[in-house]
Amino acid sequence: MRAARGLTLQRHRAEDTPAVFELQCVRCLETSSLQDSLSTAQDWALRHAGRQPAHTQFSELARRSWIVTGGGDS
């Protein structure tokens, strides 16, 4: 897929669209659900590991807003 000329992709202003976080258990794939802070997602991971002692590895899924600007017709 070819990008249209003159388009740029940039991070949307952080104050308008803060990142949201989710942690996912690598073993069972259960997730924390989207959280406004990483520490809230981490709290979920600690509770999950406490209930499931073999579930000790997690992946962080951070979502940030990006925006395409410039260009015109593709």
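Everything discussed here concerns the structure shown above.
Residues numbered from 1 in each chain as written. Predicted model: local features only at pLDDT ≥ 70, side-chain atom pairs only at ≥ 80, totals over all residues. Heavy atoms only, no water.

**Q** Would you mind showing me how to read a nonpolar patch on the surface here?
**A** A contiguous nonpolar surface patch, about 420 Å² in accessible area, is contributed by Leu7, Leu9, Trp66 and Val68. Of all the secondary structure elements, the ones that give two or more residues to the nonpolar patch are strand E1 (7-11) and strand E4 (66-70). By secondary structure assignment, the location of Leu7 is in strand E1. (Patch = residues over 30% accessible without salt bridge, like charges linked within 9 Å, V, L, I, M, F, W, Y side chains within 5 Å. Areas by Shrake-Rupley, 256 points an atom, 1.4 Å probe, with all protein chains shown as cover. Salt bridge = Lys/Arg side-chain N within 4 Å of Asp/Glu carboxyl O. Helix = DSSP H or I, 4+ residues; strand = E, 2+ residues; numbered from the N terminus.)

**Q** Would you mind going over helix H1 (residues 38-51) with me for this structure?
**A** Residues three or four positions apart in an α-helix share a direction because the helix packs 3.6 residues into each turn. Look at H1: 20 Å from first C-alpha to last across 14 residues, which is about the 20 Å you get at 1.5 Å a residue. Within H1 the residues assigned to the buried category are Ala41, Trp44, Ala45 and His48. Considered in projection along H1, the buried side chains sweep an arc of 100 degrees and stay on one side of the axis. Summarising the geometry of H1, the exposed residues directed more than 90 degrees from the buried face are Leu46 and Gly50. Tucked into the core, H1 has its buried residues touching strand E2 (20-25) and strand E3 (58-63). (Expected span 1.5 Å × (residues − 1). Buried < 20%, exposed > 50% of the residue type's maximum accessible area, 1.4 Å probe, protein only. Arc of directions from axis to C-beta. Contact = heavy atoms within 4.5 Å.)

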